[in-house]
Amino acid sequence: MTESVASATPAARGSSQAVIRIEGLCKSFDGRLVLDRVNLEVGRGSIVSVIGQSGGGKTTLMRCVNLLERPDQGTVEVAGETVHQGGRMVCRDLPRLRRTVGMVFQRFHLFPHLTAVENVVLAQRKAGVPEAQALERAVALLRRVGVAHRALAQPEQLSGGEQQRVAIARALALRPEVLLFDEPTSSLDPEATREVLSVMRELAADGMTMLLVTHELPFAREVSDHVVFVDGGRIVEEGRPEDVLDTPAEARTREFLASYGNAS
Amino acid sequence: MSGLFEVPWSDYRPDLIDALGRTVSYTVVSFSGAVLLGLAVALLRLSRAWPARALAAVYTEVFKNVPLLAIIFLTYFGLASAGIRLDVFTAGCLSLVVFYAAYLSEIFRAAISGVHAGQTEAGEALGVGRTGIFGHIVLPQALRLALPGTNTMLVDLLKSTSLLVTVSAAELMSEGRLITSATFRALEVYLVIAAIYFALCYPLSQLLLLLERKVRSGVPLSPWRRRRLRAARALLAAEPAAAVPVKEVSA
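The structure presented is a predicted model; accordingly, all values stated were derived computationally and were not measured.

**Points about helix α7 (residues 190–205) of chain A**
Residues and elements named next belong to chain A. For α7, with 16 residues, the first-to-last C-alpha span of 22 Å sits near the 22 Å given by 1.5 Å per residue. The set of residues buried in α7 consists of A192, T193, V196, L197, V199, M200, L203 and A204. Summarising the axial view, the buried residues of α7 lie within an arc of 155°, below the 170-degree limit, and thus occupy one face. Opposite its buried face, α7 presents the exposed residues P190 and R194, each directed more than 90 degrees away. Looking at where α7 begins, the residue whose side-chain oxygen comes 3.1 Å from the main-chain nitrogen of E191 is D189. Where α7 ends, the next residue or the one after it, G207, has phi of about 90°, a positive value.

Okay, here's the thing in structure tokens:
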């Protein structure tokens, strides 16, 4: 049932406008090409999952969106604005770009010297949101992700699932137009994974635009509008989740899915 | 052999209190200066520009590998013979500042680079600017890491002010020397002086340990943070229908 809500969302938003548009993206580290002419589009309200082996370039692709990584070539457009082109940064206001794009990391990266609620307040205050308003929003977001009862705890006192949910609240605090999830459940146990995925499912149902790098194939199938299989720095196959995950056209995709024991 | 305590201590009390005050002034002024200079040197050492890094490295190595006493003589007697006459308080503080800044810069540098790179990245991803990331994310965590080493240095600096006896700085050790030359009771006098240093340093280091523990457990020390957390607590308590009844633990 969650599935139907999620897939109905883009239509409900009724827009095909791309929040993220990447064209001909190339990136190499020390002469090793990790992304090779990649094209990717994430429409408003849609959810795109990137799957593939570790080291295949998925995370680098995602990090190029908010320019934590600078592409060598190609174009990156966020919310209709070109931010990087031909190996040159054309974004004038990097902080603003990054407030447009929320990011959730595999290892949470909460600020350990601050309580959960302060973690959600910090960036808002730096962006000029008044104290009372920032605090109110932080508490509301912590409620939304179900960790309000831990709002005054330090990150080290929180379980992995709680930490990642606080990190999601933190990423939502500046009302981003798109959320990037970089393997958000890869360092979590199954119980915590369920907690985090259920929060993400709710966000999906709310119509949040998301770009997701994940190893949770069933989840990708359930929430995504579009699945991209990346291998060796290139997009090998992409399409509707049922097509890519159930009836892959490429041998490489089948091989990858088989390694996951995905026989369905 | 006469009794151990024969010095008329009550006569010397005002002088000793003066001397104690001076020891504390040397400590406070020098330590503040050393922290600021040490932080600046640490930042230079972490700078992207290599000349800055080289300059900071030379500074650190020079002052770490020269005895404090030599630095004191150089600033007080050496500079004076070159025409730069510093009064004893300035010369004393300057010596302590440059010497301890070298050690503190090493502690601060290690602490700043000890903050996980993911922290800076998380700040960047949230659109926090460079100064905001340093001031609100990296520095507070680095201070936590630097606290134990810094505290050791503070106590060490306090004890090192006694070296200023060589330039007659009128601090505790100098006062001890004066009393000794007036009474010829070196053992008694220096035992008392040593006891005063102990009475200063021991509570100070215990206090600093307590501070370390508080900071580590996340107790908000600034009134500004306390106010924010109070406001957060009020907002959290205002929730009428929480799914799970939450007992707010008030600190």
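Having seen the structure, we can now continue with the description.
**Side note on the interface of chain B and chain A**
Interface size is commonly expressed as the accessible area that is lost once the parts come together. With 31 residues of chain B at the interface, the matching set in chain A holds 37 residues. Both sides of the chain B and chain A interface together cover about 2,900 Å² of buried area, and 64% of this is carbon and sulfur. Broken down residue by residue, the surface that chain B buries against chain A is led by L126(B), R228(B) and L236(B), which jointly contribute 23%. Our count for the chain B to chain A interface comes out at 3 salt bridges. R228(B) is the partner of E131(A) in a salt bridge, and the nearest nitrogen-oxygen pair spans 2.8 Å. Our count for the chain B to chain A interface comes out at 9 residue pairs in polar contact (both at pLDDT 80 or more).

**Observations regarding the sheet that holds strand β7 (residues 101–104) of chain A**
Neighbouring strands of a sheet are bound in pairs by backbone hydrogen bonds; such pairs are parallel or else antiparallel. Residue and element names in this part refer to chain A. A sheet is described by the order of its strands in space; here 6 strands give the open sequence β7-β8-β9-β3-β10-β11, paired in mixed fashion. In the strand order of this sheet, the two ends are held by β7 and β11 (234–239), each with one partner. Each strand of the sheet is rotated relative to its neighbour by a mean of 20°, with strand direction disregarded. Sheet analysis places β7 next to strand β8 (residues 178–182), joined by 4 bridges and oriented parallel. Residue V104 lies in a different strand from β8, and its bridge partner there is F181. Along the sheet, helix α6 (residues 160–172) contacts β7 and β8; its crossing angle with β7, the most-contacted strand, is approximately 170°.

**Considerations on the packing of helix α2 (residues 50–64) of chain B against helix α4 (residues 88–114) of chain B**
Residues and elements named next belong to chain B. Contact pair α2 / α4: the axes reach a minimum separation of 8 Å and the direction vectors enclose 120°. As far as their axial angle goes, α4 and α2 are oblique. The interaxial crossing formed by α2 with α4 has left-handed handedness. Packed against α2, whose contacting residues are Y59, T60, E61, F63 and K64, the element α4 presents V97, V98, F99, A101, A102, Y103, S105 and E106 at the interface.

**Here's the deal with the nonpolar core**
Within the largest apolar cluster, 88 residues are counted, with the highest numbers of intra-cluster contacts made by I20(A), L180(A) and L211(A). The leading source of residues in this core is α4(B), at 11 residues. With 46 residues, the next largest nonpolar core counts V129(A), A138(A), V196(A) and L236(B) among its residues.

**Observations regarding the confidence of the model for chain B**
Residue and element names in this part refer to chain B. Of the residues in chain B, 93% have a pLDDT of 70 or more, and the chain-wide mean is 90. Note that residues 240–251 has pLDDT below 50 and, in this model, 6 contacts with residues that lie over four places away or in other chains. Reported confidences for the modelled complex are a pTM of 0.83 and an ipTM of 0.87.

**Some remarks on the UniProt feature "domain: ABC transporter" (unreviewed entry) in chain A**
The UniProt feature table records "domain: ABC transporter" (unreviewed entry) at residues 20–257 of chain A. Across residues 20–257 of chain A, the secondary structure splits into 37% helix and 27% strand, with the terminal C-alpha atoms separated by 27 Å.

**As for the UniProt feature "domain: ABC transmembrane type-1" (unreviewed entry) in chain B**
Look at the UniProt record and you will see "domain: ABC transmembrane type-1" (unreviewed entry) annotated at residues 20–208 of chain B. From the first C-alpha to the last, residues 20–208 of chain B spans 20 Å; its make-up is 83% helix and 0% strand.

**Describing the pattern of salt bridges**
All names here are of chain A. For the coordinates displayed, the defined rule picks out 29 salt bridges over all chains. The residue E131 makes a salt bridge to R125 at a minimum N-O spacing of 3.0 Å. Between E195 and R165 there is a salt bridge, with the nearest N and O atoms lying 2.9 Å from each other. Of this pair, E195 sits in helix α7 while R165 is found in helix α6, placing the two residues 30 residues apart along the sequence. For R165, a relative accessible area of 11% translates into the label buried.

**Some remarks on the sheet that holds strand β6 (residues 88–89) of chain A**
All names here are of chain A. In spatial order, the strands read β2-β1-β4-β5-β6; together these 5 strands make up an open sheet with antiparallel pairing. The sheet terminates laterally at β2 (32–43) and β6, the two strands that pair on one side only. Judged from the 4 bridges that link them, strand β4 (residues 73–78) and strand β5 (residues 81–85) form a sheet pairing that is antiparallel. Among the inter-strand pairings, V76 is bridged to a residue of β5, identified as H84. With respect to the sheet, helix α2 (residues 58–65) is in contact with β1 (18–29), β2 and β4, its orientation differing from that of β1 by roughly 125°.

**Here's the deal with the pairing of strand β10 (residues 226–231) of chain A**
All names here are of chain A. In terms of burial, β10 is largely enclosed, as 5 of its 6 residues are buried. The pairing of strand β3 (residues 47–51) with β10 spans 4 bridges and is parallel. Considered in β10, the bridge of V48 is made with H226. Linking β10 to β11, which pair antiparallel, is a turn of 2 residues; within it G232 sits at a positive phi near 55°.

**What to know about the packing of aromatic side chains**
Counted under the stated rule, the structure contains 9 aromatic pairs over all chains. Judged by centre distance (5.4 Å) and plane angle (10°), the ring pair of F198(B) and Y202(B) falls under stacked. You can see F198(B) and its partner Y202(B) sitting in helix α8 (residues 186–216), 4 residues apart, about one turn around the helix. Following the ring pairs from residue to residue traces out a cluster consisting of F229(A), F256(A) and Y260(A). The ring of F111(A) is capped by R170(A), whose NZ or CZ atom sits 4.5 Å from the centre of that ring. Positioned over the ring face of W224(B) is R228(B), at 4.8 Å from the centre of the ring.

What counts, and at which threshold
- Along each chain, residue indices are assigned from 1 in the same order as the chain's sequence is written.
- To read the labels, note that chains go from A and ligands from 1, taken in the order they are written.
- Residues qualify for local features only when their pLDDT is at least 70, as the model is predicted, and side-chain atom pairs are given and counted only at 80 or more; totals for whole chains, interfaces and linings, by contrast, use all residues.
- Water and hydrogen atoms were dropped before computing side-chain values, which therefore reflect all heavy atoms in the structure.
- Numbering of helices and strands starts at the N terminus; helices are DSSP runs of H or I of at least 4 residues and strands are runs of E of at least 2.
- Take the number of residues in a helix, subtract one, and multiply by 1.5 Å to get its expected span.
- Exposed residues in this analysis have more than 50% of their type's maximum accessible area, buried residues have under 20%, and partly exposed residues fall in between, with area computed by a 1.4 Å probe over protein chains only.
- Regarding the arc, it is the one traced by the directions from the helix axis to the C-beta atoms.
- Nitrogen and oxygen atoms within 3.5 Å of one another constitute a polar contact, given that in protein one can donate a hydrogen and the other can accept it, and given that sequence-neighbouring residues count only through two side-chain atoms.
- Note on contacts: a residue pair qualifies if any of its non-hydrogen atoms lie within 4.5 Å across the two residues.
- Buried area: the sum, over both parts, of the accessible surface (1.4 Å probe) that disappears when the two are put together.
- Between Lys or Arg on one side and Asp or Glu on the other, a salt bridge is scored when a side-chain nitrogen of the former is within 4 Å of a carboxyl oxygen of the latter.
- The rule for pairing is simple: two strands pair if DSSP sees at least two bridges between them.
- Here the axes come from fitting lines to C-alpha atoms, over the contacting stretch only for helices, and the angles between their N-to-C directions go from 0 to 180 degrees.
- Angle categories: roughly parallel below 35 degrees, roughly antiparallel above 145, roughly perpendicular from 65 to 115, and oblique for all the rest.
- It is the rotation of the near helix from the far one that decides the hand of a crossing: anticlockwise by less than a right angle makes it left-handed, clockwise makes it right-handed.
- We call a set of buried residues a nonpolar core when its members are Ala, Val, Leu, Ile, Met, Phe, Trp, Tyr or Cys and they connect through side-chain atoms within 4.5 Å of each other.
- pLDDT is defined as a per-residue confidence score from the predictor, taking values between 0 and 100.
- UniProt positions are given in the numbering used here, feature names are shortened, and annotations may be inferred rather than shown by experiment.
- Two rings from Phe, Tyr or Trp (for Trp, the six-membered ring) form a pair when their centres sit within 6.5 Å of each other. Planes less than 30 degrees apart are called stacked, planes more than 60 degrees apart edge-to-face, and all others tilted.
- The criterion is that NZ of a Lys, or CZ of an Arg, lies within 6 Å of the ring centre and within 35 degrees of the ring normal, and then a charge sits over that ring.

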